[in-house]
Amino acid sequence: MSGILDYETVELDDDDNCVVIIDQTKLPSKIEQRRLYDAKEMWDAIYLLQVRGAPAIGVAAAMGIYILSKGIKTDSYQEFYDTFVSYKDYLNSSRPTAVNLLWALNRMDKICSDNQDKPIASIKEALRREAQAIKAEDIQVCRTIGRYGLTLLKPGDGILTHCNAGQLAACKYGTATAPIYLGQEKGYRFRVFADETRPLLQGARLTAYELWSVGIDVTLICDNMAATVMKKGWIQAVLVGCDRVAANGDTANKIGTSVIAAVARHYRIPFYVCAPAATIDLDTPDGAAIHIEERPAEEVTEMWYETRMAPEGVKVFNPAFDVTDHELITAIITEHGIARPPFSESLLTIKSR
Ligand code: MRU
C-alpha cells in the first residue's frame, strides 16, 4: 500500500465476518483500519464520523446490515425479518441528514421481501450480493458524475470545494472531486482550494490530504477566506457534494456550504452540486423539511485542540449541515445528466432515468 487512496473506504473482510473501514477521525496523521463486527460498533462508527460522507455511509450501512443479518440464527422468515428491521432502524438512527443511509438500508430491505419464499441462507447470500452491488454502483456513479462535471470546466480552472466529497466520502473518485480526478487524468491542471470546514475539519484533514496525496494542486484555506479567493479571481467554479437534495432543488450539505453559494452568486461564479441520484429525495418537498443533525458542543469548543478554545459553559449551536436554497445553485450534476433550474422539473426527469 502506498497512499491513502489505495485503501478501500469501506469493504467486507475476506471471510465476510465484519465491515472494514478506514478510521477517518485518525487522518491524516495515521492510516488506521477498523473492523466492525456488531451493531453498536457500526452505529458508533457512523455517528463518530469514522466512516462519513453520504455515499460511504450508505455502503457501510448496507455492508453492516449484511454482516448483522448473517448472524441471525433462525429458519423462520418472519423471525429473521423482524430482527433485520430492528437492526435497520438502529443503524438508520445513527445520522439523520444523509438520505443515502436509509436509501441503502431500504435496498437491503427489499432484498429480504423479494426473497421471502427462499431459504434464509439464500436471503443472506442475496444480501451480500446487494451490498457489493451498492458499492460497485457507487464507483460507476461517481465516475459518471465526474464525466458530466468535467464538461462544465476548463483546463487551469480554479475550483473551490467544501468539506470532503472525495474518495473518502464514497468508494472511489468521490462526487465533487470526481471531475477533478478525471481532469487530472486528462492533464487539466486544476487549481483546487479546499475549505478547512469547521468544526470537524473534513476539508483540511481529508480533502486537502487526498488531493495532495495524488499530486493535485490543492491549497487549503479557512472557511472565512472563500470571498477573498473569489474576489481575487482565483475561482472559476464551486463544486460541492450533498447529503440530501429536496424535490425543489434545495440542498443539504456540510455546514458552511450555503454561505459559499451566496458569496459565489455575488461574484457570479457558478455553484455546482454533485449528487448521485440516490441523494435526490423527491419525498422531501423542500429544504425546510430536511432534518438537520445537531452535534455535541465539544466539537466546536475543544475537539481537535490541545486546550479548550471557548469559555466553559458558553452556549454553542452546532448544526452539522445547512441548506443551500435552490435559487443559489447553478446546476446539480448527477450520473443521469446535469439538472438545471427549474429543479422541480429537471430533478423529476433525472429520477425517472
Ligand atoms: O459530516 P460529514 O463529514 O459526513 O459530511 C459530509 C458532507 O457534507 C459531504 O459533502 C456529503 O456527504 C457529500 S459526500 C460525497
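All of these numbers come straight from a predicted model, not from anything done at the bench.

Caption draft 1: Representation of the packing of helix α2 (residues 54-70) against helix α5 (residues 120-150). Closest axis-to-axis distance for the α2/α5 pair is 9 Å, and the angle between their directions is 165°. Classified by the interaxial angle, the pair formed by α2 and α5 is roughly antiparallel. Handedness of the crossing formed by α2 with α5: left-handed. In this structure, α2 uses Pro55, Val59, Ala62, Met63, Tyr66, Ser69 and Lys70 to contact α5, whose residues at the interface are Lys124, Leu127, Arg128, Ala131, Gln132, Ile134, Lys135 and Asp138. Taken together, the residues of the contact of α2 with α5 break down into eight nonpolar, two polar and five charged.

Caption draft 2: Examining the sheet that holds strand β4 (residues 158-161) more closely. The seven strands are arranged β6-β5-β4-β7-β10-β13-β14 in an open sheet whose pairing can be described as mixed. Of all strands in the sheet, those bounded by a partner on one side alone are β6 (217-221) and β14 (337-339). In this sheet, neighbouring strand axes are inclined to one another by 25° on average, regardless of whether the strands run parallel or antiparallel. As paired strands, strand β10 (residues 271-274) and strand β13 (residues 331-334) are joined by three bridges and run parallel to one another. For Tyr272, the partnering residue across the bridge sits in β13 and is Ala331.

Caption draft 3: Structural context of the packing of aromatic side chains. Enumeration according to the criterion identifies six aromatic pairs in this entry. Relative to Tyr90, the ring of Trp43 has its centre 6.0 Å away and its plane inclined at 20°; by these criteria the two rings are stacked. A residue pair is termed long-range when its members are at least 10 positions apart, and Trp43 in helix α1 (residues 39-47) and Tyr90 in helix α3 (residues 77-92) qualify at 47 residues. Between Phe193 and Trp234, the aromatic rings sit 5.9 Å apart at their centres with planes inclined by 20°, giving stacked as the arrangement. One end of the pair, Phe193, is in strand β5 (residues 191-195); the other, Trp234, is in the loop between α8 (226-231) and β7 (237-240), with 41 residues separating them in the sequence. Put simply, the rings of Trp43, Tyr47 and Tyr90 touch in pairs and so form one group of aromatic residues. When the ring centre of Tyr47 is taken as reference, the NZ or CZ atom of Arg295 above it lies at 4.6 Å.

Caption draft 4: The domain arrangement of the protein, seen in detail. For the protein, the domain assignment lists domain 1 (4-142) and domain 2 (148-352). Summarising the inter-unit geometry, the C-alpha centres of domain 1 and domain 2 are found 25 Å apart. Taken residue by residue, the interface counts 31 residues in domain 1 and 40 residues in domain 2. For the pair domain 1 and domain 2, the summed buried surface comes to about 3000 Å²; carbon and sulfur atoms form 60% of the total. Looking at the side of domain 1 facing domain 2, the largest losses of area belong to Leu5, Arg52 and Thr97, adding up to 22% of the total buried there. Across the contact surface, domain 1 and domain 2 share one salt bridge. One salt bridge connects Glu293 with Arg95, and the closest N-O pair in it is separated by 2.9 Å. Looking at the side of domain 1 that touches domain 2, the element that brings in the most residues is α5, giving five residues. Split into classes, the residues belonging to the side of domain 1 that touches domain 2 amount to 21 nonpolar, six polar and four charged.

Caption draft 5: Representation of the sheet that holds strand β3 (residues 33-36). Taken together, the three strands give an open sheet; going across it, the order is β1-β2-β3, and neighbouring strands pair in antiparallel fashion. Unpaired on one side and paired on the other, β1 (10-12) and β3 mark the two borders of the sheet. Between one strand and the next, the sheet's axes are offset by a mean angle of 25°, whatever the strand orientation. Note: β1 against strand β2 (residues 19-22), three bridges, orientation antiparallel. Among the inter-strand pairings, Leu12 is bridged to a residue of β2, identified as Val19. Here α2 sits on the sheet and contacts β1 and β2; the angle it forms with β1, its principal contact strand, is near 20°.

Caption draft 6: Just the site of the ligand, in detail. As a matter of local geometry, the ligand sits amid 18 residues, with Arg52, Ala54, Arg95, Asn253 and Lys254 nearest to it. Interatomic distance of 2.7 Å between a side-chain N/O atom of Arg52 and an oxygen atom of the ligand. Of all the secondary structure elements, the ones that give two or more residues to the shell around the ligand are α2 and β9 (251-254). Per-class residue counts for the shell around the ligand are eight nonpolar, six polar and four charged. Here the shell around the ligand spans two domains, and each of domain 1 (4-142) and domain 2 (148-352) adds at least three residues to it.

Caption draft 7: Quick look at the pattern of salt bridges. Under the definition given, this model contains 21 salt bridges. Of the charged contacts in the structure, one is a salt bridge between Arg35 and Asp13, with a shortest N-O distance of 3.5 Å. A residue pair is termed long-range when its members are at least 10 positions apart, and Arg35 in strand β3 and Asp13 in the loop between β1 and β2 qualify at 22 residues. Its relative accessible area of 10% is what places Asp13 among the buried residues. Here the salt bridges share partners, and the residues they tie into one network are Asp16, Glu125, Arg128 and Arg129.

Rules of the game
- Residues numbered from 1 in each chain as written.
- Predicted model: local features only at pLDDT ≥ 70, side-chain atom pairs only at ≥ 80, totals over all residues.
- Heavy atoms only, no water.
- Axes fitted to C-alpha atoms, helices over the stretch in contact; angles between N-to-C directions.
- Helix = DSSP H or I, 4+ residues; strand = E, 2+ residues; numbered from the N terminus.
- Parallel < 35°, antiparallel > 145°, perpendicular 65-115°, else oblique.
- Left-handed = near helix turned anticlockwise from the far one by under 90°.
- Contact = heavy atoms within 4.5 Å.
- Nonpolar A, V, L, I, M, F, W, Y, C, P; charged D, E, K, R; others polar.
- Pairing = 2+ DSSP bridges.
- Phe/Tyr/Trp six-rings, centres within 6.5 Å; stacked < 30°, edge-to-face > 60°.
- Lys NZ or Arg CZ within 6 Å of the ring centre and 35° of its normal.
- Domains from an automatic or database assignment.
- Buried area = accessible area lost by both parts, 1.4 Å probe.
- Salt bridge = Lys/Arg side-chain N within 4 Å of Asp/Glu carboxyl O.
- Near = heavy atom within 4 Å.
- Polar contact = N/O pair within 3.5 Å; in protein donor to acceptor, adjacent residues only side chain to side chain.
- Buried < 20%, exposed > 50% of the residue type's maximum accessible area, 1.4 Å probe, protein only.

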